[in-house]
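# Overview (structure and organization)
For reference, the chains in residue letters:
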Number of protein chains: 2
Amino acid sequence: MARTTMEDVAKAAGVSRALVSLAYRNASGVSESTRARILSTGNQIGYVHNRIAASLASTKPASIGVFLQDLHNDFFADVYDGIREIAEPKARQLVLSVGSRNHDRDASSLGTLEGAQVGTIIAAGLRMADSDALAHSQRTPLIAIARHIPGVDSVYSDNVFGGQLATEHLLQLGHRRIVFLANPPTDGYLGRREGYETSMLEAGLKPRVIESTYARSDAAEIATELLADTEAPTAIFAHNDQAALGVLDALAARSLVPGQDVSVIGYDNSSVSNTPGTALTSIDLHALELGREATRLALRRFENPDLEPQLVTSTPSLVLRATTGPVST
Amino acid sequence: MARTTMEDVAKAAGVSRALVSLAYRNASGVSESTRARILSTGNQIGYVHNRIAASLASTKPASIGVFLQDLHNDFFADVYDGIREIAEPKARQLVLSVGSRNHDRDASSLGTLEGAQVGTIIAAGLRMADSDALAHSQRTPLIAIARHIPGVDSVYSDNVFGGQLATEHLLQLGHRRIVFLANPPTDGYLGRREGYETSMLEAGLKPRVIESTYARSDAAEIATELLADTEAPTAIFAHNDQAALGVLDALAARSLVPGQDVSVIGYDNSSVSNTPGTALTSIDLHALELGREATRLALRRFENPDLEPQLVTSTPSLVLRATTGPVST
DNA sequence: TTGTAGGCGTTATCAC
DNA sequence: GTGATAACGCCTACAA
C-alpha cells in the first residue's frame, strides 16, 4: 500500500493540496475552521505529515540538532529538558544525537546532524578541540554548552570559578592534601583544573593533578591507588559527578566514610548526586538553565544567521551535602 | 551560498553523479579506490550526504525510530546502548524521540517518528493502552520493550515473575506487612503488581497496593504518609527504581536506615541503584539485552515485513544489595 | 562505469 | 481560498 499523501487528504477533504500544506504547517491563509476540518480528515485516513519531504522542499531549515555526550549522565538529561522547554512552544523539531564512548566519534555525531539538515546544533559535552568545533560551526552553526569556544556561540559556565569554589570549600574545611581528578585535556573544561590550581597556589599548597576519564570505574581505580598511598589525600575534587561516584565506590570498598575519613566533591550537581545515601557535595552548573539559554541563542541565530558569535555566561554555585567535612585529625 | 550537492562532488572528482551516489551509500558498482577518492574530494569541498533527500528518494525506509520514556531514568540509557550496539554495524540510522512528563503525549512522540519516515519503531517505556499501541503498529511496525503487547513485536520481560521474585525475597526475610507502590495502571507493566499479589496471597497475606507515579517525589510523599501510619509496612516494593529512590528519600528524612528499619526493593536495576551508599536491592531487567533483542527483531522485520508478531521473553533476576534485610523485631 | 529520465512528497510562487 | 508548475537533492532503472 502506498503511503497516503497530502493529495489524498486534499481529495478527501475537498480542498486543494496547497491548502492542506498550509493547514499542516499552521501557516496563515487558512481559516481556523477549515484547518481543523482538514486535520481531522487527514487523521481519519491515516495521514501523517511527512517531515522528510517538507524539510527537503522548505528553503529554511526548521529543526535544531542536539548533541548529548552521554545518556548515562543525568546532567545531559537536565540540559535536554531545558532545551525542550524552550524549543517546543516554538514548534522547533529536535533531532538528537548521542555521543559514543570514544571521543573521536563526536565529529561523526555532528555529521549525522548535519546530514539531517538541522539549522543549528546545540552541543552539550562536546569532546573536541576548539579549532575543530569552530571548523564545524562554519558549516552548521554550533552552540556550545558549558564551554566557551571562541568564535562559536557559547553558553558558558565559569569553570575557573567553579574550580576555585570547590577547592576553597575544601581548604576552609582544613584540608591540605587535596587531589584533583582531572578530565581529559581535550574536552575544553580545563577551567576547572585551572581554578583548582590557582586556589591551591594561593593557599601556598602544591597542586596534585591526576588525569582520569569519564568512566566511573576508571575514577574508582585511580582513587583506590591514591588511598593506598602513604601520602594519601584527605580530600578529592573530581572533575565531574560521575568521577566522584567512582571515588565513592573506592571509599566504600575500603569502608571509609565520605565526609569523615575522606572528603569528596564532584562537579555538575547532576540528580544522582542528590541520591539519598550518596548526598554528594557538588558544583551546580544549573544544567536546566544552560539548556534554556542555548536554545534561546539557537532561535536567535535562526532569525539572524549573521549575528556576531554570542556568549552567555553563567556562574556555578556550591551545593553542600554530606561527602565533604572537616579534615580528620 | 547554496549547499554543495552531489553534482558538485561529481564535477570536482570528474565522475558522474550516479557514481557519487553509489559511493556515499557504499553500494556495489564502485571500485574501492574511486570510492575513496570520491569521498575525500567530497570531504574537501565540504559536502555532507543529505539524508533527507536520500530518504525521500529511496523506496525503502532505512532508519529505526527509538522512543525512550525518560532520559533521567538510567534504565533507558542502558536500553539505548543495547540498541545502538546492534544497529550501528548494520548502518541503520537511529532517530530518537523522548517521552514527556505526561503520558498522553507518548502518542505524539510516536507521531514524530512516523513523520521522520522511520521504518520501524522500538519503544521503551511506552505508556499507552495495548489497543492504542496496536493501532499505531498498523501504520509503522512497533517493537515493544519490557512489555508484551498482543499483535505487536515484543521483547518481554516476565513482570509477573519479577514481581514474585521481589515479594518472595521480602517474605523470606520475614516481612509480613509489605506494601506495593504501584505503577500507573495504564502502562502495561501490571504484571509486577500481579506477581506481588500472587505471592502475598500464597503466603496467606493481604496485599496492600498503593498507586504511585513515575516521579520520585510522588513516591517520597506516599512513603512519608505510609511510614507515619500505625500499621506502617516493614517493607516496601516499588514498581521501579525511581520510585524506590523516592521511598529512600522518605526514609532518610525520618532518619530510618533502609535494610534495617524498613526494607526497600526496586525494579529495573538501573545504574543509580548501584550507587555507593544507595545500594538498592532491585530486580534486574537486563536492559542492555532487551535493547539488543529489540533491534534484532527490528532488523528482521525490515527484511520481512509480513512476519507474524514476534515475541522474545527474558527472565528478570534478583540483585541483592543493602536496602533489604531481615524484618526488625 | 556513464548519462539520462523519472519520481519521491513537500514547499514556494503566482495568477486566478 | 484554488490550481498549476517549478523546485528541493537524491535514488532507481535502464541504455549505452
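Residues numbered from 1 in each chain as written. Chains lettered and ligands numbered in written order. Predicted model: local features only at pLDDT ≥ 70, side-chain atom pairs only at ≥ 80, totals over all residues. Heavy atoms only, no water.

If you check an unreviewed UniProt entry, chain A appears there as LacI family transcriptional regulator from Gulosibacter chungangensis.

### Considerations on the nonpolar core
A:Ile64, A:Leu68 and B:Leu68 are the most contacted members of the largest nonpolar core, which has 88 residues in total. Contacts of B:Leu68, omitting those with residues within four sequence positions, involve A:Leu71, B:Phe76, B:Tyr80, B:Leu96, B:Ser97, B:Val98, B:Gly99 and B:Ala124. By size, the runner-up hydrophobic cluster in this structure holds 40 residues, among which are A:Leu227, A:Val264, B:Ala244 and B:Leu248. (Core = buried A, V, L, I, M, F, W, Y, C linked by side-chain atoms within 4.5 Å. Buried < 20%, exposed > 50% of the residue type's maximum accessible area, 1.4 Å probe, protein only. Contact = heavy atoms within 4.5 Å.)

### Points about the packing of helix H10 (residues 216–228) of chain A against helix H11 (residues 241–253) of chain A
Residues and elements named next belong to chain A. Between H10 and H11, whose axes approach to 7 Å, the crossing angle comes to 45 degrees. Considering their axes alone, H10 and H11 lie oblique with respect to each other. Handedness of the H10/H11 crossing: right-handed. Across the interface between the two elements, Arg216, Ala219, Ala220, Ala223, Thr224 and Leu227 from H10 touch Gln242, Ala243, Leu245, Gly246, Val247, Asp249, Ala250 and Leu251 from H11. A per-class count over the contact of H10 with H11 returns nine nonpolar, three polar and two charged. (Axes fitted to C-alpha atoms, helices over the stretch in contact; angles between N-to-C directions. Helix = DSSP H or I, 4+ residues; strand = E, 2+ residues; numbered from the N terminus. Parallel < 35°, antiparallel > 145°, perpendicular 65-115°, else oblique. Left-handed = near helix turned anticlockwise from the far one by under 90°. Nonpolar A, V, L, I, M, F, W, Y, C, P; charged D, E, K, R; others polar.)

### With respect to the pairing of strand S1 (residues 64–68) of chain A
Residue and element names in this part refer to chain A. Taking burial as the measure, the five residues of S1 include five buried ones, the bulk of the element. Residue alternation in S1 divides its side chains into two sets, Ile64, Val66 and Leu68 and Gly65 and Phe67, and both sets are buried. Where S1 lies against strand S3 (residues 120–124), five bridges are found, and the strand directions are parallel. By the bridge assignment for S3, Leu68 is matched with Ala124. Alignment of S1 against strand S2 (residues 94–98), held across five bridges, turns out to be parallel. Considered in S2, the bridge of Ile64 is made with Leu94. What joins S1 to S2 is helix H5 (residues 74–87), and the crossover it makes is right-handed. (Pairing = 2+ DSSP bridges. Right-handed = clockwise from strand over helix to strand, strands pointing away.)

### Observations concerning the packing of aromatic side chains
In this structure the tally under the stated criterion is twelve aromatic pairs over all chains. Taking NZ or CZ as reference, A:Arg127 lies 6.0 Å from the ring centre of A:Tyr214, over its face. A cation sits over an aromatic face here: B:Arg192 above B:Tyr267, 3.9 Å from the ring centre. (Phe/Tyr/Trp six-rings, centres within 6.5 Å; stacked < 30°, edge-to-face > 60°. Lys NZ or Arg CZ within 6 Å of the ring centre and 35° of its normal.)

### Some thoughts on the sheet that holds strand S3 (residues 120–124) of chain B
All names here are of chain B. Spatially, S2-S1-S3-S4-S5-S11 is the arrangement adopted by the six strands of the open sheet, whose pairing is parallel. With partners counted over all chains shown, the strands left at the sheet margins are strand S2 (94–98) and strand S11 (311–314), one partner each. Mean inter-strand twist for the sheet, computed between neighbouring axes without regard to direction, equals 15 degrees. Of the pairings in the sheet, the one linking strand S5 (residues 153–157) to S11 comprises four bridges and is parallel in character. In the sheet register, Ser154 faces S11, and the bridge partner there is Leu311.

### Regarding the side chain of B:Gln69
Residues and elements named next belong to chain B. Assignment of secondary structure puts Gln69 in the loop between strand S1 (64–68) and helix H5 (74–87). On the accessibility criterion, Gln69 (6% relative accessible area) is buried. For Gln69, the contacting residues outside a window of four places in its chain are Phe76, Val98, Gly99, Ala124, Gly125, Arg127 and Tyr214.

### Notes on the sheet that holds strand S6 (residues 178–182) of chain B
Residues and elements named next belong to chain B. The sheet built from four strands is open, its strands ordered S7-S6-S8-S9 with parallel pairing. Looking at the sheet topology across the chains shown, the edges are occupied by strand S7 (208–211) and strand S9 (263–265). Adjacent strand axes in the sheet meet at a mean angle of 20 degrees when their direction is disregarded. In the sheet, strand S8 (residues 235–238) pairs with S9 via three bridges, with the strands oriented parallel. Counted as the bridge partner of Ile236 is Val264 from S9. Against the sheet, helix H9 (residues 191–202) touches S6, S7 and S8, its axis set at about 165 degrees to S6.

### So, the relation of the copies chain B and chain A
Once turned by 180 degrees and shifted 0.1 Å along the axis, chain B lies on chain A with an RMSD of 0.1 Å. Read as a symmetry element, the transformation amounts to a two-fold axis. (Least-squares fit on C-alpha atoms with pLDDT ≥ 70 in both.)

### A few points about the domain arrangement of chain A
Residues and elements named next belong to chain A. Domain annotation for chain A reports domain 1 (6–49), domain 2 (64–157 + 286–314) and domain 3 (159–285). The gap between the C-alpha centroids of domain 2 and domain 3 is 27 Å. Counting residues at the interface gives 21 residues for domain 2, matched by 15 residues for domain 3. Buried surface at the junction of domain 2 and domain 3, summed over both partners, amounts to about 1400 Å²; 45% is from carbon and sulfur atoms. Contact with domain 3 buries area across many residues of domain 2, yet Phe75, Ser157 and His286 alone supply 30% of it, more than any other trio. (Domains from an automatic or database assignment. Buried area = accessible area lost by both parts, 1.4 Å probe.)

### Things to note about helix H3 (residues 32–44) of chain A
All names here are of chain A. For H3, which comprises 13 residues, the first-to-last C-alpha distance of 18 Å matches the rise-based estimate of 18 Å (1.5 Å per residue) to within 8%. For H3, the set of buried residues is Arg35, Ile38, Thr41 and Gly42. Buried residues of H3, seen end-on, are gathered within an arc of 135 degrees and therefore sit on one face of the element. Facing away from the buried surface of H3 by more than 90 degrees, the exposed residues are Glu32, Ser33, Asn43 and Gln44. The elements touched by buried residues of H3 are helix H1 (6–13) and helix H2 (17–24). (Expected span 1.5 Å × (residues − 1). Arc of directions from axis to C-beta.)

### Brief notes about the pattern of salt bridges
Tallying each qualifying case throughout the model produces 31 salt bridges over all chains. In this structure, the salt-bridge partner of B:Arg35 is B:Glu32, at a minimum N-O distance of 3.4 Å. In this pair, B:Arg35 and B:Glu32 both sit in helix H3 (residues 32–44), three residues apart, roughly one turn of the helix. Among the residues examined, B:Arg35 registers a relative accessible area of 17% and is labelled buried. Between B:Arg296 and B:Glu289 there is a salt bridge, with the nearest N and O atoms lying 3.6 Å from each other. Here B:Arg296 falls in the partly exposed class, since its relative accessible area comes to 31%. One network of salt bridges, in which partners are shared, links A:Glu85, A:Glu289, A:Arg292, A:Glu293 and A:Arg296. (Salt bridge = Lys/Arg side-chain N within 4 Å of Asp/Glu carboxyl O.)

### Digging into the interface of chain B and chain A
Contact residues are listed per partner, giving 46 residues for chain B and 46 residues for chain A. Between chain B and chain A, a total of about 3800 Å² is buried, with carbon and sulfur atoms accounting for 52% of that surface. Sorting the residues of chain B by area buried against chain A places B:Ile52, B:Leu71 and B:His72 first, and these three jointly supply 17% of that buried surface. Between chain B and chain A we count four salt bridges in total. We note a salt bridge from B:Arg105 to A:Glu88, for which the minimum N-O separation is 3.3 Å. Linking chain B with chain A are 14 residue pairs in polar contact (both at pLDDT 80 or more), by the criterion used here. (Polar contact = N/O pair within 3.5 Å; in protein donor to acceptor, adjacent residues only side chain to side chain.)

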